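A closer look at the structure
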Amino acid sequence: MRSALQKLTLLALAGAALAAAPAEERVQLKSGQWLVGTAKGYDETTKLVAWVDESGQTRTIHVDELDPRSAYRVANSRAKDADAETLIRIGNFARDIELFAHAARHYHDAVDKDPKVQAQVDEQVVTLKRRAAEFCVRNAKEAWARGDAKETEKWLSTLVTKLPDEPEAKEAQRLLAEHYAKTHAAQDDEYEDQYKNILETDLKTGKRHYDNMLEKIETALTSDSGSKSKSTLASAYKDGEGALKELDKVQKKLAKDDPSTELSELFDGYRKIVKDHMVEAQLHLASFYTASTSYQQALKEVNKALALDPGNQEVLAARARIETAASRGWRW
Amino acid sequence: MKTIQTLPAVLLTLAALAGCRSNKPAEPEFECTCGDAETAFHGCLHPLCADGKTNPDNPKCVCGPLEIEE
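Just so it is clear, the model here is predicted, and its values are computed rather than measured. Residue numbering note: each chain is counted from 1, following its sequence as written. Both sets of labels track the order of writing: A upward for chains, 1 upward for ligands. Totals for whole chains, interfaces and linings use all residues, but because this is a predicted model, local features are given only for residues with pLDDT of at least 70 and pairs of side-chain atoms are given and counted only at 80 or more. Calculated side-chain values reflect all of the structure's heavy atoms, with hydrogen atoms and water omitted.

1. Focus on the overall build of chain B
Rules: Numbering goes from the N terminus for both helices and strands, where a helix is a DSSP run of H or I of at least four residues and a strand is a run of E of at least two. Each residue's exposure class comes from its accessible area (1.4 Å probe, protein chains only) as a fraction of the maximum for that residue type: buried when under 20%, exposed when over 50%, partly exposed otherwise. Contacts were defined at the residue level, with two residues in contact if any of their heavy atoms lie within 4.5 Å. Under the convention used here, a 1.4 Å probe and the Shrake-Rupley method define accessible areas, while residue burial counts only the protein chains that appear.
Counting its secondary structure elements, chain B contains three helices and zero strands. Across the 70 residues of chain B, 27% fall into the buried class. Counted over contacts in chain B with a minimum sequence separation of 6, partners at least 24 positions apart contribute 20%. Total accessible area computed for chain B in this model is approximately 5,000 Å², and 57% of it derives from carbon and sulfur atoms.

2. Points about helix 2 (residues 68–76) of chain A
All names here are of chain A. Put simply, the rule is: For this analysis, a polar contact is any N or O atom pair within 3.5 Å, provided that within protein one partner can donate a hydrogen and the other can accept it, and provided that sequence-adjacent residues contribute only side-chain to side-chain pairs.
Burial within helix 2 is extensive, with seven of its nine residues counted as buried. Regarding helix 2, the residues found buried are Ser70, Ala71, Tyr72, Arg73, Val74, Ala75 and Asn76. Tucked into the core, helix 2 has its buried residues touching strand 1 (25–28), strand 2 (34–43), strand 3 (48–53), helix 3 (84–96) and helix 4 (100–113). For helix 2, the N-terminal capping position is held by Asp67, with its side-chain oxygen 3.0 Å away from the main-chain nitrogen of Arg69.

3. Observations concerning the sheet that holds strand 4 (residues 58–62) of chain A
Residue and element names in this part refer to chain A. Short version of the rule: By this definition, two strands are paired if DSSP reports at least two bridges between them. All axes are obtained by fitting lines to C-alpha atoms, using only the stretch in contact for helices, and the reported angles, taken between N-to-C directions, cover 0 to 180 degrees.
The strand order across the open sheet built from four strands is 1-2-3-4, with neighbouring strands paired in antiparallel fashion. Bordering the open sheet on either side are strand 1 and strand 4, each of which pairs with just one other strand. Mean inter-strand twist for the sheet, computed between neighbouring axes without regard to direction, equals 55°. Pairing analysis gives five bridges linking strand 3 to strand 4, with the strands arranged antiparallel. Bridge assignment links Trp51 to a residue of strand 4, and that residue is Arg59. Strands strand 1, strand 2 and strand 3 of the sheet are contacted by helix 2, whose axis makes an angle of about 130° with strand 1.

4. Points about helix 3 of chain A
All names here are of chain A. Where we set the bar: A helix's residues, less one, multiplied by 1.5 Å, set its expected span.
Over its 13 residues, helix 3 extends 18 Å from the first C-alpha to the last, a length consistent with the 18 Å expected when each residue adds 1.5 Å. Listed as buried for helix 3 are Ala84, Thr86, Leu87, Ile88, Ile90, Gly91, Asn92, Ala94 and Arg95. On its buried face, helix 3 sits against helix 2, helix 4 and helix 5 (118–145). Phi turns positive, to about 65°, at Glu98, one or two residues after helix 3.

5. A word on the nonpolar core
Applicable threshold: Among buried residues, the Ala, Val, Leu, Ile, Met, Phe, Trp, Tyr and Cys ones that are joined through side-chain atoms within 4.5 Å form a nonpolar core.
The biggest cluster of nonpolar side chains holds 81 residues, and the ones touching the most others in it are A:Val121, A:Leu203, A:Ile217, A:Phe267, A:Val274, A:Val302 and B:Phe41. In terms of residue count, the dominant contributor to this core is helix 12 (residues 261–291) of chain A (14 residues). When sequence neighbours within four positions are dropped, the list of residues in contact with A:Val302 reads A:Leu283, A:Ala286, A:Val315, A:Ala318, A:Arg319 and A:Ile322. By size, the runner-up hydrophobic cluster in this structure holds 14 residues, among which are A:Tyr42, A:Trp51, A:Ile61 and B:Leu66.

6. Re the packing of aromatic side chains
We count it as follows: Geometry of aromatic contacts follows a simple scheme: Phe, Tyr and Trp rings, the Trp one being its six-membered ring, pair when their centres are within 6.5 Å, and the pair is stacked under 30 degrees between planes, edge-to-face over 60, tilted otherwise.
Summed over the entire model, instances satisfying the criterion amount to five aromatic pairs over all chains. Of the aromatic side chains, those joined through ring pairs into one cluster are A:Phe100, A:Phe135, A:Trp155 and B:Phe41.

7. Some details on the packing of helix 13 (residues 295–308) of chain A against helix 14 (residues 313–328) of chain A
All names here are of chain A. How we decide: Working rule for angles: under 35 degrees goes down as roughly parallel, over 145 as roughly antiparallel, 65 to 115 as roughly perpendicular, anything else as oblique. Crossings are classed by handedness, with left-handed meaning an anticlockwise turn of the near helix from the far one by less than a right angle and right-handed meaning a clockwise turn. In the scheme used here, Gly and all other residues not listed as nonpolar or charged are polar, with Ala, Val, Leu, Ile, Met, Phe, Trp, Tyr, Cys and Pro taken as nonpolar and Asp, Glu, Lys and Arg as charged.
The N-to-C vectors of helix 13 and helix 14 enclose an angle of 165°; their axes lie 10 Å apart at closest approach. Classed by the angle they form, the pair helix 13 and helix 14 counts as roughly antiparallel. Of the two elements, helix 13 crosses helix 14, and the hand of that crossing is left-handed. Judged by residue contacts, Tyr295, Ala298, Leu299, Val302, Asn303, Ala305 and Leu306 of helix 13 engage Val315, Leu316, Ala318, Arg319, Ile322, Glu323, Ala325 and Ala326 from helix 14. Class assignment for the residues of the contact of helix 13 with helix 14 results in twelve nonpolar, one polar and two charged.

8. Some words on the environment of A:Ala75
Along the chain, the position of A:Ala75 falls in helix 2. Residue class for A:Ala75 comes out buried when judged on its relative accessible area of 19%.

What follows is the structure, encoded as structure tokens:
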């Protein structure tokens, strides 16, 4: 028993030693090469990091030799006990290498530390928004060039809902209108061709609700007024509900004469298309509310989307981000 | 001595309790998406990243500061 106790003590001591030892770190040089080792010190004046590699060899690395993301981690190592001015500087560094969420967090921490820097932070946030808008446009253009319509739409709508006052938002609205005209109409073409008869008869009302929904989503994202956008998206969701109700009603009616799985699959397919757009409307709506810091309303809207599609990772991520924004007050 | 003898039983009970299913809905598990453009814009939802730590499994993760032994 005694030896077991000794072993336990040794294990505990080893554990404590491990916990105290600095973690092995990885930094990347501008050349792309990764260095694995331990950072032994950093001199802010000379911008030199004392580095010991895996074999125990010591060297110094100038921050300018590092890839910007690794250099940011060096700067961030000073954030814990930093004053507000330093936090703003670290935030600017993050912003300038397009780590916008990181920048927003440092700015928020700076104001937390010293509320007197609020005006200074507001000034930096103006630049943050400018750079972020340019970033959205660039990503949208790149996605468009490689034929990724969904990604294009995502970046354009992010720009419109999150950064509506940036000059690029106007151009994004125009591009979104064009994009919707092409992609949304094409999405149900397959069904429209195959089931023309049902759509023109039994599902006429449902189809009208669906078309209204799409039109309203487009109107909301291309509107100049935030409040109009919100009310139009809420109305689009209601149209979606109307379309789903019609689908249930008509399926029940038709199933009496045609209990085939083909009919059932057809209606499931329609439901999915309708629900996907309802989720899209809710995500846009939640994004508008988040941008205006109405977090509770944003959560309400995102929860409606989650009720439609409980496992949707995009919606779950949106909810988690709203919760973070609400609890920590990061906003930009 | 008695304390040491009862230790396995206590550990087993704790393990069993930890394995109990809770009625609370499971929290979604988010992967570390650091390095993606979307994550640069919105932030990463991985628990380590949300805690301001670097995820060692993702070399592109920059959520934590460089740990410096000083």
